[in-house]
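# Per-entry structural report
Chain residues, written in single-letter form:
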Amino acid sequence: MRIWAFYFIIKIILFYTGYVNFHFFVNAAFALALIFSNANPRLLQIRKWLAIPVGIVLFYFDSQLPPLRNVIPKIGQLLDFSFQYYVELLARIVSWEVIAILVGLYIAYYLLSKKLRMSTIAVIAILSTLLPLKANMSPLAYDADGQVIGLPSDVELTESLDGFFIEESSRTAFNRSQKANGAPFDILVINVCSLAWDDLKYIKEDNNPLFKRFNYLFTSFNSASSYSGPSIIRLLRGSRGQQDQRDLYKPPLQDSLLFSNLNKTGYQVQLALNHDGKYGDLLKEIRNEGGMSAPLFDNTHATPYLKGFDGSQIYDDYSVLSNWWDARMKSPNERVALFYNTITLHDGNRALDGSKLENSVETYSRRTQKLLADLDRFYTKVNSSGKQVMIVFIPEHGAAIRRNKNEIVGMREIPSPNVTNVPVGIMFTGKADAPVKTNIIELPTSYLATSDLISKFVGKTPFGAAAPSPESYLKNIPSTRFVAENEDSIIMKFGSSYYFRSNDINWNLFEAND
């Protein structure tokens, strides 16, 4: 096998350290083809042309990178990435440290090959993956009480998942028969791309001053997806239970549409973004799958702030929201419900002039601080207007800013709790401009809980002396077990452990960041 023995040894090392998978049969077939081709000059000639591309594809197949079947249909979107973003992504995948380690390992391999048959060692290493060595290194499984248990079977986990979706399909959380009464108030839903609790803790912003304004704060809220489109659709369809990923792009049930429900109770629905919504047809998804037919607010008069990962214009959040509020204050509508989406924190965004090749991971903390400060400033403006407003702060998903061995930084192919456990808060204007009592919701929740609270607020206004106690709104708030999905990946909580399934094959224990 010669140099290919080094290829397989490196792969096995990465497999046992948890950085890649190892598909035994295809790797074994490739190794056998390399070995037997040595006996035939024609096969050896073919090997010269095919071995390298096959080896690259097989390494990609074993890696934690998105499956090729997901990447190929999105080639058009990938081609929209800016050159700077390509360079940044490449640097995350291949670092100088990794190159130095590989060079050191190759030197060791070369010296050992003078005395040992490295092909034999590579074959033994490949065969070792059939032994239960990796299983002994796996994390332990725990039940709901934290006691170590045996691993549940694939059948048990699959039945649990199927049962979850059956139960969710019958759950609803919005009283569509009610009409908004009492003193009118606006509802502003601010949907933030790329912000999870794990990101906030990593950059030490989990106690940001904005969060002290929240009257309600969810600490175990699952966004159920780690990509923007599906997460937004789930939010906009949040008045019914969690859907299977495959059902998100089917026509929605009318009573699932949160903003349609608000419109039915007497709210005029409005829509604003701090971007153009073109990448990945996001605006189309908001309209078609999310049921948002409201005209898009013109953001081009706002202050330009960043260039997106695709080179598009991103506008300053305070500027967009402030302009929208000025327009809203001139509107005669009694009650307005706004859906606002911001991609300020999206991976790959950079300064307008592009003169400085900044790493978007390194600027994430700075962008987060500015976004939260902008929202705090916007709250102050709205509060000073004297108008009664409820603001719902709800991220789409996290940024995966913390490095882990399952994926590279910024990669969100695996919908882990580190990416989908997002900080959701609700705050009201008309309160004293000082830290308020925050009601912490620690229950595992998702969009059904926010729809439930919004419905209750619409039915019984939280403003005024006659308002019910803040705690009373939390009575019977719906809890949702943790299940998060992407196209080919599912993570489900069973007991107190997380389990991961990819490509509908088999379940494995999954370790989240501490």
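Right above here is the structure, for reference.
We now turn to the structure provided with this report.

Conventions and cut-offs
- Residues numbered from 1 in each chain as written.
- Predicted model: local features only at pLDDT ≥ 70, side-chain atom pairs only at ≥ 80, totals over all residues.
- Heavy atoms only, no water.
- Helix = DSSP H or I, 4+ residues; strand = E, 2+ residues; numbered from the N terminus.
- Contact = heavy atoms within 4.5 Å.
- Areas by Shrake-Rupley, 256 points an atom, 1.4 Å probe, with all protein chains shown as cover.
- Buried < 20%, exposed > 50% of the residue type's maximum accessible area, 1.4 Å probe, protein only.
- Pairing = 2+ DSSP bridges.
- Phe/Tyr/Trp six-rings, centres within 6.5 Å; stacked < 30°, edge-to-face > 60°.
- Lys NZ or Arg CZ within 6 Å of the ring centre and 35° of its normal.
- Core = buried A, V, L, I, M, F, W, Y, C linked by side-chain atoms within 4.5 Å.
- Axes fitted to C-alpha atoms, helices over the stretch in contact; angles between N-to-C directions.
- Parallel < 35°, antiparallel > 145°, perpendicular 65-115°, else oblique.
- Left-handed = near helix turned anticlockwise from the far one by under 90°.
- Nonpolar A, V, L, I, M, F, W, Y, C, P; charged D, E, K, R; others polar.
- Polar contact = N/O pair within 3.5 Å; in protein donor to acceptor, adjacent residues only side chain to side chain.
- Patch = residues over 30% accessible without salt bridge, like charges linked within 9 Å, V, L, I, M, F, W, Y side chains within 5 Å.
- Salt bridge = Lys/Arg side-chain N within 4 Å of Asp/Glu carboxyl O.

Here we take up the overall build of the chain. Tallying secondary structure elements over the chain gives 18 helices and 16 strands in all. A separation of at least 24 residues holds for 75% of the contacts in the chain among residues at least 6 apart in sequence. Within the structure as shown, the chain displays about 24200 Å² of accessible surface, and the carbon and sulfur contribution to it stands at 60%.

Let us now look at the pairing of strand β14 (residues 489-494). The buried fraction of β14 is high, at 5 of 6 residues. If you look at the hairpin formed by strand β13 (residues 483-485) and β14, you'll find 3 residues sitting between the two strands. Bridge count between β14 and strand β15 (residues 497-502): 6 bridges; the pairing is antiparallel. Residue pairing in the sheet places S489 in a bridge with S502 of β15. Counted between consecutive antiparallel strands, the loop separating β14 from β15 contains 2 residues, among which G495 sits at a positive phi close to 70°.

This brings us to the packing of aromatic side chains. Summed over all chains, the structure comprises 32 aromatic pairs. An angle of 70° between the planes, with centres 5.2 Å apart, marks the rings of F164 and F165 as edge-to-face. Cluster of aromatic residues (ring-pair linked, three or more members): F185, Y216, Y267, F428, F457, F463 and Y473. Above the plane of the ring of Y305 lies K370, whose end atom (NZ or CZ) is 4.7 Å from the centre. Looking at R377, its charged tip hangs above the ring of Y318, at a distance of 3.7 Å from the centre.

All right, on to the nonpolar core then. Ranked by internal contacts, the top residues of the largest apolar core, which has 44 residues, are I187, F259, L262 and F339. Examining the composition of this core, we find that 6 residues originate from one element, helix α18 (residues 447-459), more than from any other. Dropping the residues within four chain positions of it, I187 is found in contact with L262, Y267, V336, A337, L338, M390, I454 and V458. V192, L210, V382 and I401 belong to the second-largest nonpolar core, a separate cluster that totals 36 residues.

Ordered by their spatial adjacency, 7 strands build an open sheet running β5-β8-β3-β10-β11-β4-β12, and the pairing between neighbours is mixed. Where the open sheet ends on each side, the last strands, each with one partner, are β5 (268-273) and β12 (439-441). Geometrically, the sheet is characterised by an average inter-axis angle of 15° between neighbouring strands, direction not taken into account. As defined by bridge partners, β5 adjoins strand β8 (residues 336-342) across 6 bridges and the pair is classed as parallel. Residue V269 lies in a different strand from β8, and its bridge partner there is A337. Taken strand by strand, helix α12 (residues 228-236) contacts β3 (186-192), β8 and β10 (389-395), and its axis lies near 165° from that of β8. Lying over the sheet, α18 contacts β3, β4 (216-222), β10 and β11 (421-428), oriented at roughly 150° with respect to β4.

Attention now goes to unusual backbone geometry. A positive phi angle, near 70°, is found at A224, a position not held by glycine. Along the polypeptide, A224 turns up in the loop between β4 and α12. Not every positive phi belongs to a glycine, and A400 is a case in point at roughly 55°. With respect to the helices and strands, A400 occurs in the loop between β10 and α17 (417-420). When its relative accessible area of 12% is taken as the criterion, A400 is described as buried.

The pairing of strands in a sheet happens through backbone hydrogen bonds and is either parallel or antiparallel. Ordered in space as β13-β14-β15-β16, the 4 strands form an open sheet in which the pairing is antiparallel. Of all the strands in the sheet, the pair left with one neighbour each is β13 and β16 (507-510). In this sheet, adjacent strand axes meet at a mean angle of 25° when their direction is disregarded. Alignment of β13 against β14, held across 3 bridges, turns out to be antiparallel. Its bridge partner being in β14, A484 is matched across the sheet by I491.

All right, on to the packing of helix α1 (residues 3-16) against helix α2 (residues 24-36) then. A pair of packed helices is characterised by two quantities: the angle between their axes and the separation of those axes. Viewed as axis vectors pointing N to C, α1 and α2 meet at an angle of 165°, and their least axial separation amounts to 11 Å. By the angle between their axes, α1 is roughly antiparallel relative to α2. Between α1 and α2 lies a crossing whose hand is left-handed. Packed against α1, whose contacting residues are W4, Y7, F8 and K11, the element α2 presents N27, F30, A31 and L34 at the interface. For the contact of α1 with α2, the class distribution of residues is 6 nonpolar, 1 polar and 1 charged.

Another point: the side chain of S451. By secondary structure assignment, the location of S451 is in helix α18. In this structure S451 comes out as buried when scored by relative accessible area, which is 1%. From its side chain, S451 meets the backbone oxygen of A173 in a polar contact 2.8 Å long.

Let us look at the packing of α1 against helix α8 (residues 118-128). Packing of α1 against α8 leaves a shortest axis separation of 9 Å and a crossing angle of 30°. By the angle between their axes, α1 is roughly parallel relative to α8. Pair α1 / α8 crosses with left-handed handedness. Judged by residue contacts, A5, F8, I9, I12 and Y16 of α1 engage M118, S119, I121, A122, A125, I126 and S128 from α8. Looking at the contact of α1 with α8 residue by residue, the class counts come to 10 nonpolar, 2 polar and no charged.

On to a nonpolar patch on the surface, then. Judged by side-chain polarity, I3, W96, I99, V103, Y106, I107, Y110 and L111 come together as a nonpolar surface patch covering roughly 830 Å² of accessible area. Among the elements that take part in the nonpolar patch, helix α7 (residues 96-113) stands out by supplying 7 residues, more than any other. For Y106, the location among the structural elements is in helix α7.

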